[in-house]
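The primary structure of each chain is shown beneath.
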Amino acid sequence: MLAALPLGQPIPCSVSAGAEGLDLHAALVPEPICSFYMRVSGHGLRSHGIHDGDLLVIDRSIEPRSGDVAIVAHQGAFLLRPLRRQGEQWLLEPQRPGEGVIVLDLESFDRSGLFGVVAHAVHHLARSPSRRR
């Protein structure tokens, strides 16, 4: 026997003017002045729920914690990696087998090197007509 899942009421995507609807931007981006969108290219973070083609919401106002996935400026490029704090060091976890951990020393790594923390990853579960490849 299947158990019912506790879901909210469906909200139509095409609501008429004046009707109460769901504002996805407000739901996903509570701090617009501190947030950015980025599109993922690659499969390295599937184990973290991030897939090729996903739209990421990066929030610069979130204080990073060990285990967060973040965008970090490192050696002239942006890296999308899980963060891990080990003692007085921040570590960027490898994305692929054979890659090493990148150590970010707290003396040289400040908030300027951290672009932001991934707050949301939006990905498609079914092929929609507009997303055919």
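Preceding this paragraph is the structure being described.
Residues numbered from 1 in each chain as written. Predicted model: local features only at pLDDT ≥ 70, side-chain atom pairs only at ≥ 80, totals over all residues. Heavy atoms only, no water.

### What about the overall build of the chain?
Counted only if it meets this: The helix count covers DSSP runs of H or I at least four residues long, the strand count covers runs of E at least two residues long, and both are numbered beginning at the N terminus. For each residue, the accessible area found with a 1.4 Å probe, counting protein chains only, is set against the maximum for its type, and the residue is called buried under 20%, exposed over 50%, and partly exposed in between. Contacts are assigned to residue pairs that have any heavy atoms within 4.5 Å of one another. Reported accessibility uses the Shrake-Rupley method at a 1.4 Å probe radius. Residues are deemed covered only where the shown protein chains occlude them.
Across its full length, the chain carries one helix and seven strands. The buried share of the chain, reckoned over its 133 residues, is 27%. Relative to all contacts within the chain whose residues are 6 or more apart in sequence, the contacts with residues 24 or more apart total 48%. Accessible area for the chain stands at about 9600 Å²; split by element, carbon and sulfur atoms hold 56% of it.

### Side note on the pattern of salt bridges
Side-chain pairs of opposite charge can arise whenever the charged atoms involved come near each other. Worth spelling out the cut-off: Only one rule defines a salt bridge in this text: a Lys or Arg side-chain nitrogen within 4 Å of an Asp or Glu carboxyl oxygen.
Applying the stated criterion to the full structure yields two salt bridges. The salt bridge partner of R81 is E99, with a shortest N-O separation of 3.7 Å. With R81 in strand 4 (residues 77–86) and E99 in the loop between strand 5 (89–92) and strand 6 (102–105), this residue pair connects regions lying 18 residues apart in the sequence. When the shortest N-O distance is used, the salt bridge between R84 and E93 registers 2.2 Å. Its relative accessible area of 30% is what places R84 among the partly exposed residues.

### Observations regarding a nonpolar patch on the surface
For clarity, the cut-off: Excluding any residue in a salt bridge, patches collect residues exceeding 30% relative accessible area, merging like charges within 9 Å and nonpolar Val, Leu, Ile, Met, Phe, Trp and Tyr side chains within 5 Å.
Where nonpolar side chains cluster on the molecular surface, the patch consists of I11, L22 and L24 and spans about 310 Å² of accessible area. Looking at where L22 falls in the secondary structure, it is placed in the segment before helix 1 (24–28).

### Considerations on the packing of aromatic side chains
Which entries qualify depends on this criterion: Under the pairing criterion, centres of Phe, Tyr and Trp rings, with the six-membered ring standing for Trp, must be within 6.5 Å; the plane angle then separates stacked pairs below 30 degrees from edge-to-face pairs above 60, leaving the rest tilted. In our convention, an over-ring charge means Lys NZ or Arg CZ found within 6 Å of a ring centre and within 35 degrees of that ring's normal.
All chains considered together, the criterion is met by two aromatic pairs. Members of the aromatic cluster, joined through ring pairs, are F36, F78 and F115. Between the NZ or CZ atom of R60 and the centre of the ring of F115, over which it lies, the distance is 4.8 Å.

### Considerations on the side chain of D68
Basically, it comes down to this: Working convention for charge: Lys and Arg count positive, Asp and Glu count negative, and His plus the chain ends are omitted. Polar contacts, as used here, are pairs of N or O atoms within 3.5 Å; protein pairs need one atom able to donate a hydrogen and one able to accept it. Residues neighboring in sequence count only if both atoms are side-chain atoms.
As for its position among the elements, D68 is in the loop between strand 2 (55–59) and strand 3 (69–74). With no salt bridge to any partner, buried D68 finds its closest opposite charge in R65, at an N-O distance of 4.2 Å. Among the polar contacts listed, one links the side chain of D68 to the backbone nitrogen of R65, at a separation of 2.8 Å. When sequence neighbours within four positions are dropped, the list of residues in contact with D68 reads E63, R81, P82, L83 and V117.

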